[in-house]
Amino acid sequence: MPGVPADPAAAQTRVHHLRQLLPDTVTVGVSGDALAVTGLNAGCDAWHSVLAGTFPSPALALTRAARSGDSARARAESERLQPLWDLFARHGSLRVVAAAAAHLALTPPHNLPLPLRGLGADGRAEVAAVLERLGLSA
């Protein structure tokens, strides 16, 4: 599902309602990285993440904390990543992660297919600064 309500109680109600409508064989997942912790803590089974493909360690730490019932630790992991979530909101998660992958030399600088446009020089510098501040490397 695309995101969940930001309010944890409302998110839990939504996930519970979906579970009543769906067979047990259906996995309930959340997308929208900034809302992942809310969805996982509300009972989603999975997080469909743009971040995890490039930075699996922080995504795993957040997911494992939530899935083990340690919602406080999961929230702390997500709060640590807030500077990335802010960049995602401003520039789009795909463009930010593409800039991060290029910054880490995992891809060429212009790595998005046309007609998508990557971030300009200022946006790329902002991504690089956030990655450094968070200590994120591939």
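Shown above is the structure to which this text applies.
Residues numbered from 1 in each chain as written. Predicted model: local features only at pLDDT ≥ 70, side-chain atom pairs only at ≥ 80, totals over all residues. Heavy atoms only, no water.

A. The pattern of salt bridges, seen in detail. Under the defined criterion, the tally for this structure stands at three salt bridges. D45 is paired through a salt bridge with R19; the nearest N and O atoms lie 2.9 Å apart. On the criterion of sequence distance, the pair formed by D45 in the loop between α2 (36–41) and β2 (46–48) and R19 in helix α1 (residues 8–21) is long-range, its members being 26 residues apart. The exposure class of D45 is partly exposed, given its relative accessible area of 28%. Linking D70 and R73 is a salt bridge whose minimum nitrogen-to-oxygen distance equals 3.8 Å. Note on D70: relative accessible area 30%, which makes it partly exposed. (Salt bridge = Lys/Arg side-chain N within 4 Å of Asp/Glu carboxyl O. Helix = DSSP H or I, 4+ residues; strand = E, 2+ residues; numbered from the N terminus. Buried < 20%, exposed > 50% of the residue type's maximum accessible area, 1.4 Å probe, protein only.)

B. How the structure looks around the packing of helix α4 (residues 71–80) against helix α5 (residues 82–91). Look at α4 against α5: their axes get within 5 Å of each other, and the N-to-C directions meet at 55 degrees. In terms of axis orientation, α4 runs oblique to α5. Here S78, E79 and R80 of α4 lie close against α5, whose contacting residues are Q82, P83 and W85. (Axes fitted to C-alpha atoms, helices over the stretch in contact; angles between N-to-C directions. Parallel < 35°, antiparallel > 145°, perpendicular 65-115°, else oblique. Contact = heavy atoms within 4.5 Å.)

C. Quick peek at the nonpolar core. Counting 33 residues, the largest nonpolar core has W47, L81, L84, W85, V96, V127 and L136 as the members making the most contacts within it. Elements with a contribution of two residues or more to this core: α1, α2, α3 (56–67), α5, α6 (93–103) and α7 (121–134). Discounting residues that sit within four places of it in the chain, W47 has contacts with V30, D33, A36, L40, A59, L62, T63 and W85. (Core = buried A, V, L, I, M, F, W, Y, C linked by side-chain atoms within 4.5 Å.)

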